[in-house]
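Residues per chain are reported as follows:
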Amino acid sequence: MSNQQVDMNNLKKEIPKGIFIKGLILLVIGIAAAVFAYQIDPLRASFNNIIALLLVVSVGMGAIFLVALEHIVGAVWSVPFRRIAEHQSFIFLATPLLAIPIILNMHDIYHWTHLDAVLADPILYQKSPYLNEPFFIWRSVGIFVIMSLFMFMFYRNSRKQDETKSQKTSKFNAVLSAPFMMLFAISITMVAVDYAMSLEPHWFSTIFGVYYFAGTFATAISVLTLLVLRLKSNGNLVSKINGNHYYSLGGLMFAFTAFWMYMAFSQYMLIWYANIPEETFWFLPRMEHGWEYMSIALIFIKFIIPFGLLLNRNSKMNPSRLKVAAYWIIGAHIYDMYWLVMPTYNHASGTHGPVFGWIEVGFVALSAGIIMVVYYLAANKKNHLPIGDPKLQRGLDFHL
Amino acid sequence: MSKLYSIAALFDTPNSIMDAAAKVQDAGYENYDVNTPYPVHGMDDQMKLRPSKMGYYTITIGLTFMSLMLFFMYWVYNIDYPQVIGGKPLFPLPAFVPIMFEATVLTGAVLTVAIMIIFYFKFPNNSHPLHDSDYMKAVSSDKFGICIEATDPKFDINAVKDFLKSIGATQIDEIYFDEEEVNHKNKVLEPKFVIGLILIAGFTSLSVYLHMNKLLYIPPFDWMMVQHKVTAQDHSDFFENGISSRQPVEGTVARGFMPYLYVDDIEGASENLQNPYPATAENIELGKRKYLTYCSPCHGDLGKGDSRLKGQFPNGPTIHSDKIVDWTDGRLYHVITEGQNVMPGYKKTVTRKERWSIVNYVRTLQRALDAKVEDMQ
């Protein structure tokens, strides 16, 4: 036991420089593309900005959720990955970078910010106690502050535990996680409703927050899986992390792939069945001018293909196959966000059909760059295992 | 007739059984099994078991039944009884998905268990050589056991015993079995079992009946019965006449319905009405079907007044008399619609188009029984 702990303290702390360099390149490209796009076509740029924001929130806020989930359920198998998830949750701190341009461009994107339109429209008028500019901004600030606060508390406790190795810290984290869970549920619903659903302020779907959450969880766990595999191959983690751990990560990816389909289908089927114009109008633009193929492809990209990729036991145990599935799920989430946001861009700009070009690529590159650079800055030269956690040894010994 | 089934060895701790399993595997035995009171993690690695193939059966079964269910619903909705429900298309795929999902999950789960019971546990046989042995009693409470079967190619009674002792077994038993007992097939339809099934069915039916017909009518479970809405034919204080249903506006015409303007005016009908349906083969065929259904009982299949009522009821007159041949289409139509003498009107049972088609058919019959020379050419 003592040998292994010495071993853990002497683990390599430098993470691959490649993450930083590639991330920096993507970030520079992304920032250049974003700035340029805002000069040329501010409307399209701001819609893509929403996609980028939703991606970064998914990865960052999803990671805070993963940490809290482990604390509250007392999970054992995921303890070796908790510190990586904690470093990943620092990505959430970068969200203002992407949220501020959206808030500055609100009038272009969100129809409900126009006071004359709201006064002329009884539905928007009734919704205005929630959908108004000051409250929107305060909500965003509040979510950012509260989530960051919890993120720092979890991280500080975890770092402190590296020294003290105290069981009390674990208990305190579990207590802390309970209110976090409630706040998280409200927060992520608000993010989804505010930034994505209020693009069509007349439309409402109570399942929308859960829909976004399903994609968020799958994306966060996929990014975590990629980080674990990269750090493992770089020698930052102990060799005891093996197929049994990968299987559990893959199992969650698989579960939330199916969960997303469950939510997406529930939303679609209820609206399709009731067939009420005030609900169906959201799906109509997604069923014409080329979007119908995008919608059918979404079922395959986000559900059928990853379901097949992860169904087999070996596909979850084998790192190289798991890596393919993780990249696929992240890509599918990007596609899903594009599908959620861009039909409204058609409506706002008077174009027809899906648009794709360097602006879309640039904003995805921007969010990928943010994720990689922030992770590198947060994680480099730190412990990558929660070496003080009493459950760590049990987590490392975990097998199916 | 007792035969040796296996040599069974007991161990005290999960760690020792893990070591023992690895050693038995290394020694080259093939037909052996490990019995533990609870699943010992990592045992399949020690025994070098390949991952179970059961999952492939399950998904194959699930997808098969999913396709069958999809085909069944397609058959019901599109072939057997095509009916538009809720304004949805005849192949409403989203509405099928929940049923397909349920069929997949249900058949996948139930048939997997059934396959296990039938092929692995050899249903309806329920005995196994290890049953009723001290070894089984021990491994199902607090001991861990390995048993090496006599069918193993390397099996040799003394060598196996020595080997098991050498790897630290605390107790070694020889397990014998009675071939007849193990191969005995139990009767599936055991009277007790059948009676049990009948009792369960009776209990289920009774409780469903009581629930649906009694419990739901007792307060407070009857909240669905008391609803603050006015139903048709109900009393309503809102309207002056106290009836919830409203009368249609004067002159309202039902959809697809053409009001008949000559109800008491046979002369007007005979002068003004024209047959709007041409005497096509299709319309005459329709008229023939309706004629045979509604007219032929009195007027006869060919309209000769030779009804099969045979005097039990006043016979309808022939339709081939000069009087009726000379009638206009409008007059014929009026008689069919409103009736004449003892003949009732058919406007309630036969639609407008069908009545005009009957007129066409009657004209055809008249022409057929009074053919002119030029018809023969």
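These numbers come from a predicted model, not from an experiment.

S.K.: Honestly, the overall build of chain A in this entry has me stumped. Any pointers?
M.R.: Summing up its helical and strand segments, chain A has 18 helices and zero strands in all. Its C-alpha radius of gyration of 21 Å places chain A within 12% of the 21 Å reference for a compact globule of 400 residues. Principal-axis analysis of the C-alpha atoms places the extent of chain A at approximately 70 × 40 × 40 Å. Counting the 400 residues in chain A, one finds 44% classified as buried.

S.K.: What's the story with the overall build of chain B in this structure? I'm lost.
M.R.: Of regular secondary structure, chain B possesses 13 helices and six strands. Computed over the C-alpha atoms, the radius of gyration of chain B is 41 Å, more than 25% above the 21 Å expected from 2.2 N^0.38 for a compact globule of 377 residues. By principal-axis analysis of the C-alpha atoms, chain B measures approximately 120 × 70 × 40 Å. A buried classification covers 18% of the 377 residues belonging to chain B.

S.K.: How should I be thinking about the sheet that holds strand β3 (residues 144-149) of chain B in this particular structure?
M.R.: By definition, the strands of a sheet pair up through backbone hydrogen bonds, in either a parallel or an antiparallel sense. Residues and elements named next belong to chain B. Within the open sheet, the four strands sit side by side as β2-β3-β1-β4. Their pairing is antiparallel. The open sheet has two free edges, formed respectively by β2 (32-35) and β4 (171-178), since each of these has just one partner strand. Between one strand axis and the next, the sheet turns by 25° as a mean value, whatever way the strands run. Two strands pair when backbone bridges link them, and strand β1 (residues 2-11) and β3 are joined in this way by six bridges, in the antiparallel orientation. Residue pairing for β3: Ala-9 is matched across the bridge by Ile-146. Across the sheet, helix α1 (residues 14-26) lies against β1, β2 and β3, angled at about 20° from β3, the strand it touches most. Packing against the sheet, helix α6 (residues 157-166) makes contact with β1, β3 and β4, and its axis sits at approximately 10° to β1.

S.K.: Can you help me understand the interface of chain B and chain A in this one?
M.R.: Size of an interface: often given as the accessible area lost when the parts come together. Between chain B and chain A, the contact holds seven residues from the first and nine residues from the second. When the residues that make up the side of chain B that touches chain A are grouped by side-chain class, the tally is four nonpolar, three polar and no charged.

S.K.: Is there a simple way to explain the environment of Arg230(A) in this structure?
M.R.: All names here are of chain A. On the secondary structure map, Arg-230 appears in helix α11 (residues 208-234). Residue Arg-230 is classed as partly exposed on the basis of its 17 C-beta neighbours within 10 Å. Each C-alpha atom, one on Arg-230 and one on Ile-102, is 33 Å from the other, the two residues being 128 residues apart in sequence.

S.K.: I keep staring at the pairing of β2(B) and nothing clicks. Help me out?
M.R.: Residue and element names in this part refer to chain B. Only one face of β2 is buried, namely the one carrying Tyr-32 and Val-34, since none of Asp-33 and Asn-35 on the opposite face is buried. Where β2 and β3 come together, four bridges link them in antiparallel fashion. Residue Asn-35 lies in a different strand from β3, and its bridge partner there is Gly-145.

S.K.: Where do I start with the nonpolar core in this structure?
M.R.: The nonpolar side chains of a soluble globular protein tend to be buried with one another. Core analysis: the biggest nonpolar cluster contains 114 residues, and Val56(A), Ile91(A), Leu224(A), Met253(A) and Val341(A) have the highest contact counts within it. The dominant element in this core, judged by the number of residues it contributes, is helix α3 (residues 42-73) of chain A, at 18 residues. Contact partners of Val341(A), with chain neighbours within four places excluded, come to Phe47(A), Ile50(A), Ile51(A), Ala196(A) and Leu199(A). Core analysis: the next-biggest nonpolar cluster, separate from the first, contains 21 residues, Ile7(B), Ala8(B), Tyr32(B) and Val34(B) among them.

S.K.: I would appreciate a short explanation of unusual backbone geometry in the present structure.
M.R.: Glycine aside, a negative phi is what most residues show, and trans is what most peptide bonds show. The omega angle of the peptide bond from Pro219(B) to Pro220(B) is 5°, so this bond is cis rather than trans. Inspection of the secondary structure assignment puts Pro220(B) in the loop between α8 (191-213) and α9 (266-272). Even without glycine at this site, His289(A) takes up a positive phi of about 55°. With a phi close to 70°, Gln233(B) is a non-glycine residue in the positive phi region. Note on Gln233(B): 8 C-beta atoms within 10 Å, which makes it exposed.

S.K.: Looking at this structure, how should I read the environment of Val361(A)?
M.R.: Residue and element names in this part refer to chain A. Position of Val-361 relative to the elements: it lies in helix α17 (residues 358-379). The exposure class assigned to Val-361 is partly exposed, which follows from the 14 C-beta atoms found within 10 Å. Sequence separation between Val-361 and Ala-34 is 327 residues, and the spatial gap between their C-alpha atoms is 10.0 Å.

S.K.: Which parts of the structure should I look at to understand α8(B)?
M.R.: It helps to recall that an α-helix has 3.6 residues per turn; residues three or four apart then point in one direction. With 23 residues, α8(B) extends 32 Å from end C-alpha to end C-alpha; this agrees with the ideal 33 Å at 1.5 Å per step. Along α8(B), only zero of the 23 residues are buried, which leaves the element largely exposed.

S.K.: Would you mind showing me how to read the packing of helix α10 (residues 167-196) of chain A against α11(A) here?
M.R.: Packed helix pairs are specified by the crossing angle of their axes together with the interaxial distance, meaning the distance between the axes. Residue and element names in this part refer to chain A. The geometry of α10 relative to α11 is characterised by a closest axis approach of 8 Å and an angle of 105° between their N-to-C directions. Our classification of the angle between α10 and α11 gives roughly perpendicular. Between α10 and α11, the residues in contact are Ile-188, Thr-189, Ala-192, Val-193 and Ala-196 and Phe-208, Gly-209, Tyr-212, Phe-213 and Thr-216, respectively. Looking at the contact of α10 with α11 residue by residue, the classes come out as seven nonpolar, three polar and no charged.

S.K.: What should I look at first to understand the environment of Val210(A) in this one?
M.R.: You can see Val210(A) is positioned in helix α11. In the structure, Val210(A) is positioned 21 residues away from Thr189(A) in sequence and 7.0 Å away in space, judged by C-alpha atoms.

S.K.: Whenever I open this one, the packing of α3(A) against α11(A) confuses me. Can you help?
M.R.: Residues and elements named next belong to chain A. It is the contact of α3 with α11, at a shortest axis distance of 8 Å, that shows an interaxial angle of 85°. In terms of their interaxial angle, α3 and α11 are classed as roughly perpendicular. Touching Ser-58, Val-59, Met-61, Gly-62, Ala-63, Phe-65 and Leu-66 of α3 are Gly-215, Thr-216, Phe-217, Thr-219, Ala-220, Ile-221, Val-223 and Leu-224, all from α11. When the residues that make up the contact of α3 with α11 are grouped by side-chain class, the tally is ten nonpolar, five polar and no charged.

S.K.: I'm lost on the confidence of the model for chain B in this one. Help?
M.R.: Parts of the prediction with low pLDDT should not have their coordinates interpreted in detail. All names here are of chain B. The share of residues in chain B with pLDDT of 70 or more is 98%, and the mean pLDDT across the chain is 84. By mean pLDDT, helix α7 (residues 179-183) is the weakest element of chain B at 75, and α8 is the strongest at 94. Scoring the predicted complex yields pTM 0.71 and, for the interface, ipTM 0.77.

Cut-offs applied
Once a new chain begins, its residue numbering starts again from 1 and follows that chain's sequence as written. Chains and ligands are labelled sequentially in the order written, the chains with letters from A and the ligands with numbers from 1. Local features in this predicted model are restricted to residues whose pLDDT is 70 or higher, and side-chain atom pairs enter the listing and the counts only when it is 80 or higher, whereas totals over whole chains, interfaces and linings include all residues. A run of H or I in DSSP becomes a helix once it reaches four residues, and a run of E becomes a strand once it reaches two; helices and strands are each numbered from the N terminus. Taken over C-alpha atoms, the radius of gyration is set against a globule rule of 2.2 Å times the number of residues to the power 0.38. Exposure in this text rests on C-beta crowding, where 20 or more other C-beta atoms within 10 Å of a residue's own make it buried, 12 or fewer make it exposed, and counts in between make it partly exposed. The C-beta atoms are placed from the backbone. Strand pairing follows a simple DSSP-based rule, namely that at least 2 bridges must link the two strands. Where helices are involved, their axes are fitted lines through C-alpha atoms of the stretch in contact, as for all axes, and angles between N-to-C directions lie from 0 to 180°. The contact criterion used here is simple: two residues whose C-beta atoms, placed from the backbone, lie within 7 Å are in contact. Residue polarity is assigned by list, with Asp, Glu, Lys and Arg as charged and Ala, Val, Leu, Ile, Met, Phe, Trp, Tyr, Cys and Pro as nonpolar; anything else, Gly included, falls into the polar class. To form a nonpolar core, buried Ala, Val, Leu, Ile, Met, Phe, Trp, Tyr and Cys residues must be joined through C-beta atoms within 7 Å. How far a helix is expected to stretch is found by multiplying one less than its residue total by 1.5 Å. Between 65 and 115 degrees an angle is taken as roughly perpendicular, under 35 as roughly parallel, over 145 as roughly antiparallel, and anywhere else as oblique. Residue-level confidence of the predictor is summarised by pLDDT, bounded by 0 at the bottom and 100 at the top.

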